[in-house]
Amino acid sequence: MIKAGKVPEVIENFKKIHSAQATEPEKAASEKFKLFADAYLNSLENLKGASPDGVKDLYNGVVENCMSCHQAMCPGPVVRIKKLYLK
């Protein structure tokens, strides 16, 4: 959908980041995580309102927010997150 310039509706599910069950609850309770989560939610809002021409760049911004948080907090998924970037 992103490659076609469309925003997926599933975005609403990702807005539950603050209430999702974390693998390491102490990390998810930290102020650092909350700041990363808020940045992620802001990038989702930007993507949600994107024009077809801007969807790809804003999507990559969402992925970048994932990458930043995971590099700082929980690096396990970084290899998989790298595969989400669109060129």
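Read on for an overview of the structure. Since this is a predicted model, take the numbers as computed values, not measurements.

## What about the overall build of the protein?
Looking only at helices and strands, one finds five helices and zero strands in the protein. In terms of overall dimensions, the protein is globule-like: its C-alpha atoms have a radius of gyration of 13 Å, near the 12 Å expected for 87 residues. Taken across its 87 residues, the protein has 29% of its residues classed as buried. Summed over its atoms, the accessible surface of the protein is roughly 6,000 Å², and 56% of this surface lies on carbon and sulfur atoms. Seen as two clouds, the 13 positive and the 10 negative side-chain charges of the protein have centres 8 Å apart.

## Details of the side chain of Asn-60
Position of Asn-60 relative to the elements: it lies in helix H4 (residues 55-73). A polar atom in the side chain of Asn-60 sits 2.8 Å from the backbone oxygen of Leu-86. With sequence-adjacent residues up to four places away left out, Asn-60 is seen in contact with Leu-84, Tyr-85 and Leu-86.

## Observations concerning the environment of Leu-41
Here Leu-41 lies in helix H3 (residues 31-48). For the pair formed by Leu-41 and Lys-15, sequence separation is 26 residues and the distance between their alpha carbons is 6.5 Å. For Leu-41, the residues in contact, after removing those within four places along its chain, are Phe-14, Lys-15, Ile-17 and His-18.

## Re the pattern of salt bridges
Applying the stated criterion to the full structure yields two salt bridges. Of the charged contacts, one joins Glu-45 and Lys-15 as a salt bridge, the two residues approaching to 2.5 Å between their closest N and O atoms. Of this pair, Glu-45 sits in helix H3 while Lys-15 is found in the loop between helix H1 (11-14) and helix H2 (25-28), placing the two residues 30 residues apart along the sequence. In this structure, Lys-27 and Glu-24 form a salt bridge, with 3.5 Å as the shortest nitrogen-oxygen distance. The partly exposed category is assigned to Lys-27, whose relative accessible area is 30%. A residue is classified by how much of its surface remains accessible, and Glu-24, at 31% relative accessible area, is partly exposed.

## Things to note about the packing of H3 against H4
Two elements in contact, H3 and H4, have axes separated by 9 Å at closest approach and are oriented at 170°. By the angle between their axes, H3 is roughly antiparallel relative to H4. On H4, the residues that touch Lys-32, Phe-33, Phe-36, Ala-39, Tyr-40, Ser-43, Leu-44, Asn-46 and Leu-47 of H3 are Val-55, Leu-58, Tyr-59, Gly-61, Val-62, Asn-65, Cys-66, Ser-68, Cys-69, Ala-72 and Met-73. Among the residues making up the contact of H3 with H4, the classes are represented as 14 nonpolar, five polar and one charged.

Cut-offs applied
- Position numbers for residues count from 1 along each chain, tracking the sequence in the order it is written.
- Only residues with pLDDT of at least 70 get local features here, since the model is predicted, and only at 80 or more are side-chain atom pairs given and counted; chain-wide, interface and lining totals rely on the full set of residues.
- Note that the side-chain values use all heavy atoms of the structure and ignore hydrogens as well as water.
- Only DSSP runs of H or I with at least four residues qualify as helices, and only runs of E with at least two residues qualify as strands; both kinds are numbered from the N terminus onward.
- Taken over C-alpha atoms, the radius of gyration is set against a globule rule of 2.2 Å times the number of residues to the power 0.38.
- Working definition: with a 1.4 Å probe on protein chains only, accessible area under 20% of the residue-type maximum means buried, over 50% means exposed, and in between means partly exposed.
- Residue exposure ignores everything except the shown protein chains as possible cover, and the areas themselves are Shrake-Rupley values with a 1.4 Å probe.
- When charges are tallied, Lys and Arg are placed among the positive residues and Asp and Glu among the negative ones, while His and the ends of the chain are skipped.
- In this description, the location of a charge corresponds to atom NZ of lysine, CZ of arginine, CG of aspartate or CD of glutamate.
- For this analysis, a polar contact is any N or O atom pair within 3.5 Å, provided that within protein one partner can donate a hydrogen and the other can accept it, and provided that sequence-adjacent residues contribute only side-chain to side-chain pairs.
- The contact criterion used is simple: two residues touch if any of their non-hydrogen atoms lie within 4.5 Å.
- What makes a salt bridge here is a side-chain nitrogen of Lys or Arg within 4 Å of a carboxyl oxygen of Asp or Glu, nothing more.
- To get an axis, a line is fitted to the C-alpha atoms, and for a helix only the part in contact is used. The angle between two axes follows their N-to-C directions and goes from 0 to 180 degrees.
- Note on angle classes: values under 35 degrees are labelled roughly parallel, values over 145 roughly antiparallel, values of 65 to 115 roughly perpendicular, and the remainder oblique.
- Note on residue classes: Ala, Val, Leu, Ile, Met, Phe, Trp, Tyr, Cys and Pro are nonpolar, Asp, Glu, Lys and Arg are charged, and everything else, Gly too, is polar.

Don't take any of this as a statement about function, it's just geometry.
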